[in-house]
Amino acid sequence: VMDALGDSIEFQLAGGSFVAKKAFGEFAEALRDMSTGTVIDQDITLQILIVDLPRRPISSDRVRVGRIPGSTFKPTNVRRDQSGRHWEFELEKVGA
């Protein structure tokens, strides 16, 4: 199911190269009130099969998401999903 319905991502283990993977992505928008006005924040949560990732994602890993070209992210708040078969984590945008 992941191969057919999953989102295309590229995952880079710290110090490695980007490798194409499939993941389930949730791309929600959240309104955030700032002193200069209200902005729309992109909230991204990914689930990737543990068998597709050799270890728990860490903050020095990098992720590119096909739906958001030109942006690079790092994994945050990494945990196992309810089934125990996926790593589940949020993405935080980084400069490189």
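Report follows, based on the coordinates. (Residues numbered from 1 in each chain as written. Predicted model: local features only at pLDDT ≥ 70, side-chain atom pairs only at ≥ 80, totals over all residues. Heavy atoms only, no water.)

1. Some remarks on the packing of aromatic side chains
The criterion, for reference: Put simply, two rings from Phe, Tyr or Trp (the six-membered ring, in Trp's case) pair if the centres are within 6.5 Å, and we call them stacked under 30 degrees between planes, edge-to-face over 60, tilted for the rest. By the criterion adopted, a ring carries a charge over it if an Arg CZ or a Lys NZ lies within 6 Å of its centre and within 35 degrees of its normal.
On inspection of all chains with the given rule, the structure shows 0 aromatic pairs. Geometry around Phe18 places Arg64 over its ring, the cationic atom sitting 3.7 Å from the centre. When the ring centre of Trp87 is taken as origin, the NZ or CZ atom of Arg80, which lies over that ring, is 5.2 Å away.

2. Re the environment of Arg79
How we decide: Put simply, DSSP marks the helices as runs of H or I at least four residues long and the strands as runs of E at least two long, and each gets a number from the N terminus on. Note on definitions: a residue-residue contact is assigned when non-hydrogen atoms from the two residues lie within 4.5 Å. The term polar contact refers here to a pair of N or O atoms within 3.5 Å; inside protein, the definition further demands a hydrogen-donor-capable atom paired with an acceptor-capable atom, and it admits residues adjacent in sequence only when both atoms are side-chain atoms.
With respect to the secondary-structure elements, Arg79 resides in strand E5 (residues 72-80). Remark: the alpha-carbon pair of Arg79 and Glu90, spanning 11 residues in sequence, is separated by 9.7 Å. When near neighbours in sequence (up to four residues on either side) are disregarded, Arg79 contacts Thr45, Arg56, His86, Trp87, Glu88, Phe89 and Glu90. Here Glu90 takes part through its side chain, which lies 2.9 Å from a polar atom of the side chain of Arg79.

3. Points about the nonpolar core
Using the following cut-off: The set of buried Ala, Val, Leu, Ile, Met, Phe, Trp, Tyr and Cys residues whose side-chain atoms join them within 4.5 Å is what this entry labels a nonpolar core. Each residue is placed in one exposure class: buried if its accessible area under a 1.4 Å probe, protein chains only, is under 20% of its type's maximum, exposed if it is over 50%, and partly exposed if it falls in between.
Ranked by size, the top nonpolar core spans 15 residues in total, and within it Ile9, Leu46, Ile48, Val63, Trp87, Phe89 and Leu91 carry the most contacts. Of all elements in the fold, only strand E1 (7-12), strand E3 (37-49), strand E4 (62-65), E5 and strand E6 (86-94) reach the threshold of two or more residues within this core.

4. Quick notes on the pattern of salt bridges
Between side chains of opposite charge, pairing is possible as soon as their charged atoms come close. To keep it simple, the criterion reads: A carboxyl oxygen of Asp or Glu within 4 Å of a side-chain nitrogen of Lys or Arg is what we treat as a salt bridge.
Under the criterion given, the structure shown has 6 salt bridges. In this structure, Arg55 engages Asp61 in a salt bridge whose closest nitrogen and oxygen atoms are separated by 2.8 Å. Taking the shortest distance from any N to any O, the salt bridge between Glu92 and Lys74 comes out at 3.9 Å. Taken together, the residues span a long stretch of sequence, with Glu92 in strand E6 and Lys74 in strand E5 at a distance of 18 residues. We classify Lys74 as partly exposed; its relative accessible area is 22%. Put simply, Arg79, Glu88 and Glu90 are held in one network by salt bridges that share partners.

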